[in-house]
Amino acid sequence: MYKNKIFRLILSFLFAILFCHAAFAASNIALTSAGQSPDAMMVKVVLKKMDVEVDFDSAMDPAAIKDNHKVLIVVVGGSSKGLGAAGIDQDQEKARIEEILKIANEKGLKILVMHVGGASRRGTLSDLFLDTVVPHADYVIYVKGANEDGYFTKVSEEKKIPVEESETIRALDEHLKKVLGEWGVI
Amino acid sequence: MSVLKMKTLTRKLVVAFVMLLLVSSKSHAAFFRPDVRPGYGVTSQGWLSDYCESLRGTNLDTPVFFLDSGKSGASALVLGGTHPRELAGVTSATMLVENCEVKVGRLVVIPCLNVSGMSIPDQNGKVPHFLPIESRSGLRYLPYGDRYVDIQDQGQPDPEKFQHFSGYEIDDGAESRNINRNYPGKKDGTPTAQVAFGVMELIRKEKINFSIDLHESGTPDYFIDRKNGEVSPGSRLAYMLVCNPKALEIGAETVLALEEKGISLKVDQSNPEFRGLSHLEIGNATDCLSFLSETPNPGQDTWREAPDVLFDHDYPLKMRVGICVEVVKSLADIYGETTGKKLVMENVPSYEELQEKDVGAFLN
């Protein structure tokens, strides 16, 4: 009887350790925005639907990139509202992103660049961030409408970066499954 | 001319003058109440003045409809007619009152928040004040009012510039009569600010969990700018769901759910620098998650000569109302999934049903 009680206690303890590990296990994917549009949140929601947990912060501090991270997803979309909400200007945002990319490169993370805002999320502000981020990309996924000027086609040809077009935001899950699957993080 | 004829003429002139006075006095600040014909789902009706006493008896008081299941769940607020020319919002909110039956949780609807603006025609002058539509009970008129509270009801001239309570300034003084620049309102402020205050009090007292303010913008169509002859893009606001920053994740999930239904909206968040807007101030001042939607109304394109706000080929009212009701339904679904507090609504027409049968088929 006494032995039985001890056995149960040990078992409960082991379960608790397992539970805590699962609950606090850090994700191997870091997700941030470049430009502070809500598009990064859209990608987070798509990943959530895929049951993929990510460490998300639209204004992620470069120091938040840790050794557990294997992939950095940067969702590009310039928004003056978003920059205002984050209390930063476009130069500060550019500097933050450059620092994150530098650390990600140093740590050997794969970098996935995404643009999901279509044609309305192209323009001077968004393109400033695209030009900053895209040269560092291992892979680019964009949603239809963003390539009307051939920007992504040109990137693919000149920089030899694989680029994929998604018909809709909803269809991003297939593209993400493929890329993140190939990189072994899901 | 005989004395008798002179007297008759004088009498006629006096009568004509009095008539003219009467007509001109009625052309402004007419006492107006929206035509809403509640359905079986409405469990009680109140007034905005229940939350801001000073509105009682004025042309700014407006009906508030409660659709209460009696079962605990989420409480939601739908606002139509903040800008009375934004017809899809008014019509959608009216349609909810006339059709919806709530099975879990509670829905509170103000079909026409700005009755003062609704009492006068759109000052752009391109759309008639009353639009005939065939409803379930025959011919019925949808009112198409002005964006602002009527200056007669405001009771004071517009300032040169409008200053929000926070100190934020807008160059156009007429914005002082824009309800959606006056949140969180002020109990002893201008009549417009009192309306905004009434909404905030309602949200606080009724413990509203989420709110949606149904708006319309111009269409996204490119047009030739008459000033410079250049091709300009249309409204960037069209097809948008604006979310308070703390409501952004639920907003993003809602947009994704709508895409599944074939409705494509953009998600955006409140700009903290632009003060007085419902989606920013409601969410910032209360626990309520606040949203605002924008559908494209051809009546708001400055370049259109004779816009058809009911049956435009690309932007018919049935399409715009279909989007509005699906936004409300999807928000309720996602809010329930996220928080566990459900709002279950029945008898609300779907987007497809509206395209098939048109708006009038769902109005009493």
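Since we're looking at a predicted model, the values are computed, not measured.

For chain A, the count of helices and strands is seven helices and six strands. Within chain A, counting contacts between residues at least 6 apart in sequence, those at least 24 apart form 78% of the total.

Okay, the overall build of chain B next. The helix and strand tally for chain B stands at nine helices and 16 strands. Projected onto its principal axes, the C-alpha positions of chain B cover 85 × 50 × 50 Å. Scored against the burial criterion, the 364 residues of chain B give a buried share of 53%. Within chain B, residue pairs in contact and separated by at least 24 positions form 71% of the contacts whose partners lie at least 6 positions apart.

The subject of this paragraph is the interface of chain A and chain B. Interfaces are often sized by the accessible area lost when the parts come together. Taken together, the contact between chain A and chain B spans 13 residues of the former and 16 residues of the latter. Elements with a contribution of two residues or more to the side of chain A that touches chain B: helix H2 (39–49) and helix H3 (80–86) of chain A. When grouped by side-chain class, the residues that make up the side of chain A that touches chain B number seven nonpolar, four polar and two charged.

To continue, consider the confidence of the model for chain B. Residue and element names in this part refer to chain B. Mean pLDDT over chain B works out to 93, with 92% of the residues at or above the 70 mark. For the stretch residues 18–27, pLDDT sits under 50, and the model shows zero contacts to residues farther than four places along the chain or on other chains. Interface confidence for the predicted complex, expressed as ipTM, amounts to 0.83; the pTM equals 0.88.

What follows deals with the sheet that holds strand S6 (residues 163–166) of chain A. All names here are of chain A. If you trace the six strands from one edge of the open sheet to the other, you get S2-S1-S3-S4-S5-S6, paired in parallel fashion. The open sheet terminates on both sides in strands that have one partner only, identified here as strand S2 (55–56) and S6. Bridging between strand S3 (residues 71–76) and strand S4 (residues 110–115) involves five bridges; their strand directions are parallel. Within S4, the residue paired with Ile73 across the bridge is Leu112. With respect to the sheet, H2 is in contact with strand S1 (29–34), S2, S3 and S4, its orientation differing from that of S1 by roughly 155 degrees.

All names here are of chain B. One ladder, built from four bridges, connects strand S1 (residues 44–47) with strand S2 (residues 63–68); its direction is antiparallel. Bridged to Gln45 within S2 is Phe65. Here four bridges tie S2 to strand S5 (residues 106–110), and the two strands are oriented antiparallel to one another. When the sheet's bridge partners are listed, Phe66 is paired in S5 with Val108.

Grouped together as the largest cluster of nonpolar side chains are 145 residues, with contacts concentrated most on Val43(A), Ile73(A), Val113(A), Val133(A), Val140(A), Val78(B) and Leu107(B). No other element matches helix H8 (residues 317–339) of chain B, which puts 11 residues into this core. When residues no more than four places from it in sequence are discounted, the contact partners of Leu107(B) are Leu67(B), Ala76(B), Val78(B), Leu96(B), Cys100(B), Val102(B), Leu343(B) and Met345(B).

Now for the sheet that holds strand S3 (residues 75–79) of chain B. All names here are of chain B. As summarised here, the arrangement of the eight strands in space is S1-S2-S5-S3-S10-S15-S13-S14, forming an open sheet in which the pairing is mixed. The open sheet is flanked by S1 and strand S14 (266–269), the only strands paired with a single partner. Each adjacent strand pair in this sheet contributes to an overall mean axis angle of 20 degrees, direction not counted. Pairing of strand S13 (residues 240–243) with strand S15 (residues 289–296) involves four bridges; the strand directions are antiparallel. Across the sheet, Met240 pairs through a bridge with Glu294, a residue of S15. The sheet strands contacting helix H6 (residues 248–260) are S13, S14 and S15, and the helix crosses S13 at an angle near 165 degrees. In the packing of H8 onto the sheet, contacts are made with S3, strand S10 (210–217), S13 and S15, and the angle to S10 comes to roughly 160 degrees.

Next up on the list: the pairing of S14(B). Burial of the side chains of S14(B) extends over both faces: Lys266(B) and Asp268(B) are buried on one face and Val267(B) and Gln269(B) on the other. Regarding the hand of the β-α-β motif, the stretch spanning S13(B), H6(B) and S14(B) is right-handed.

Residues and elements named next belong to chain B. Orientation of H6 relative to H8, taken along the N-to-C sense of each, is 125 degrees, at an axis distance of 9 Å. In this view, H6 runs oblique relative to H8, as classed from their interaxial angle. Once H6 is placed against H8, the crossing between them reads as right-handed. Only Glu326, Val327, Ser330, Leu331, Asp333, Ile334, Tyr335 and Thr338 of H8 make contact with H6, whose side of the interface consists of Ile250, Glu253, Thr254, Ala257 and Leu258. Looking at the contact of H6 with H8 residue by residue, the class counts come to seven nonpolar, three polar and three charged.

This next bit is on H2(A). All names here are of chain A. Most of H2 is tucked away: nine of the 11 residues are buried. Three or more residues of H2 are buried, namely Asp39, Ala40, Met41, Met42, Val43, Lys44, Val45, Val46 and Leu47. Downstream of H2 by one or two residues, Asp51 has phi in the positive range, about 60 degrees.

Running from amino to carboxyl end, H2(A) crosses H6(B) at an angle of 70 degrees, the nearest separation of the two axes being 9 Å. Between H2(A) and H6(B), the angle falls in the class roughly perpendicular. As for how H2(A) packs across H6(B), the hand of that crossing is right-handed. Between H2(A) and H6(B), the contacting residues are Met41(A), Met42(A), Val45(A) and Val46(A) on the first element and Leu248(B), Glu249(B), Ala252(B), Glu253(B) and Leu256(B) on the second. In terms of residue class, the contact of H2(A) with H6(B) is made up of seven nonpolar, no polar and two charged.

Take the environment of Gly46(B) next. All names here are of chain B. Considering the arrangement of structural elements, one finds Gly46 in strand S1. Overall, the presence of 15 C-beta atoms within 10 Å leaves Gly46 in the partly exposed class. For the pair Gly46 and Pro63, spaced 17 residues apart in sequence, the C-alpha to C-alpha distance is 5.9 Å. Sequence-distant contacts of Gly46, defined by excluding residues within four places in its chain, comprise Val64 and Phe66.

Once that is clear, we can look at the environment of Asp188(B). Within the secondary structure layout, Asp188(B) lies in the loop between strand S9 (169–170) and helix H5 (191–205). Owing to 8 C-beta atoms within 10 Å, Asp188(B) belongs among the exposed residues under this scheme.

Here we take up helix H5 (residues 124–133) of chain A. Residues of H5(A) that are buried include every one of Ser126(A), Phe129(A), Leu130(A) and Val133(A), and no others. All buried residues of H5(A) lie within an arc of 105 degrees about the axis, which places them on one face of the element.

Rules behind the numbers
- Residues numbered from 1 in each chain as written.
- Chains lettered and ligands numbered in written order.
- Predicted model: local features only at pLDDT ≥ 70, side-chain atom pairs only at ≥ 80, totals over all residues.
- Helix = DSSP H or I, 4+ residues; strand = E, 2+ residues; numbered from the N terminus.
- Contact = placed C-beta atoms within 7 Å.
- Buried ≥ 20, exposed ≤ 12 C-beta atoms within 10 Å, placed from the backbone.
- Nonpolar A, V, L, I, M, F, W, Y, C, P; charged D, E, K, R; others polar.
- pLDDT = per-residue confidence, 0-100.
- Pairing = 2+ DSSP bridges.
- Axes fitted to C-alpha atoms, helices over the stretch in contact; angles between N-to-C directions.
- Core = buried A, V, L, I, M, F, W, Y, C linked by C-beta atoms within 7 Å.
- Right-handed = clockwise from strand over helix to strand, strands pointing away.
- Parallel < 35°, antiparallel > 145°, perpendicular 65-115°, else oblique.
- Left-handed = near helix turned anticlockwise from the far one by under 90°.
- Arc of directions from axis to C-beta.

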